[in-house]
Amino acid sequence: SYHRCNSSNQPAQQLSGYIYFPICMDMHNDGMMLATGCKGFDMVGCDVKIWDIRQPSKFLCELKGHGQDVTACRYFQLENTTILISASKDGS
């Protein structure tokens, strides 16, 4: 699980559904969509998960394809389109 804490150091939100744990994240410009990249190996747990932070009980989608830890994920604005890119220890 990932915990986001408020000023009193109490979890304000908890994101569950990981095999291991998130090691990177990026927030969309709209402030509502969060992408998290996960620890993993041998194609297990090496995912990028997309969350709507207004409803954090379940991720919206899971992007698979990396074979090792997802070390970076980032939203980019290109003209009228937002894209999400990710990088992994496996070089992809």
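Bear in mind the structure is a predicted one, so any value in this text is a computation, not a measurement. (Residues numbered from 1 in each chain as written. Predicted model: local features only at pLDDT ≥ 70, side-chain atom pairs only at ≥ 80, totals over all residues. Heavy atoms only, no water.)

1. Focus on the overall build of the chain
Part 1 of the reasoning: Scanning the chain from terminus to terminus reveals zero helices and eight strands.
Part 2 of the reasoning: The order of helices and strands in the chain, counted from the N terminus, is β-β-β-β-β-β-β-β.
Part 3 of the reasoning: By sequence separation, contacts in the chain at least 24 residues apart represent 30% of the contacts at least 6 residues apart.
Part 4 of the reasoning: Summing over all exposed atoms, the chain offers an accessible surface of approximately 5,700 Å²; the carbon and sulfur share of this is 52%. (Helix = DSSP H or I, 4+ residues; strand = E, 2+ residues; numbered from the N terminus. Contact = heavy atoms within 4.5 Å. Areas by Shrake-Rupley, 256 points an atom, 1.4 Å probe, with all protein chains shown as cover.)

2. Things to note about the confidence of the model for the chain
Part 1 of the reasoning: In the predicted model, the chain carries a mean pLDDT of 86, and 88% of its residues have values of at least 70.
Part 2 of the reasoning: By mean pLDDT, strand 1 (residues 2-5) is the weakest element of the chain at 53, and strand 8 (residues 81-88) is the strongest at 95. (pLDDT = per-residue confidence, 0-100.)

3. Concerning the pattern of salt bridges
Part 1 of the reasoning: Applying the stated rule across the entire model yields eight salt bridges.
Part 2 of the reasoning: Here lysine 39 makes a salt bridge to aspartate 69, at a shortest N to O gap of 3.2 Å. In this pair, lysine 39 is assigned in the loop between strand 4 (33-38) and strand 5 (48-52) and aspartate 69 in the loop between strand 6 (61-63) and strand 7 (70-78), connecting sequence segments 30 residues apart.
Part 3 of the reasoning: The exposure class assigned to lysine 39 is partly exposed, which follows from its relative accessible area of 28%.
Part 4 of the reasoning: For aspartate 69, a relative accessible area of 7% translates into the label buried.
Part 5 of the reasoning: The closest approach of N and O atoms between aspartate 47 and lysine 49, which form a salt bridge, is 3.6 Å. Lysine 49 matches aspartate 47 in its accessibility class, with the two residues each being buried.
Part 6 of the reasoning: What emerges from the salt-bridge pattern is a single network uniting Asp47, Lys49, Glu62 and Lys64. (Salt bridge = Lys/Arg side-chain N within 4 Å of Asp/Glu carboxyl O. Buried < 20%, exposed > 50% of the residue type's maximum accessible area, 1.4 Å probe, protein only.)

4. Some thoughts on the nonpolar core
Part 1 of the reasoning: Counting eight residues, the largest nonpolar core is built from Cys24, Met33, Ala35, Val48, Ile50, Val70, Cys73 and Tyr75.
Part 2 of the reasoning: Where this core is concerned, the elements lending two or more residues are strand 4, strand 5 and strand 7.
Part 3 of the reasoning: Ranked by residues supplied to this core, first place goes to strand 7 with three residues.
Part 4 of the reasoning: Not counting the four nearest positions on each side in its chain, valine 70 is found in contact with Ile23, Cys24, Gly37, Cys38, Cys46, Asp47, Val48, Ser86, Ala87 and Ser88.
Part 5 of the reasoning: The next biggest cluster of nonpolar side chains, apart from the first, holds seven residues, and it includes Leu15, Cys38, Ile53 and Phe59. (Core = buried A, V, L, I, M, F, W, Y, C linked by side-chain atoms within 4.5 Å.)

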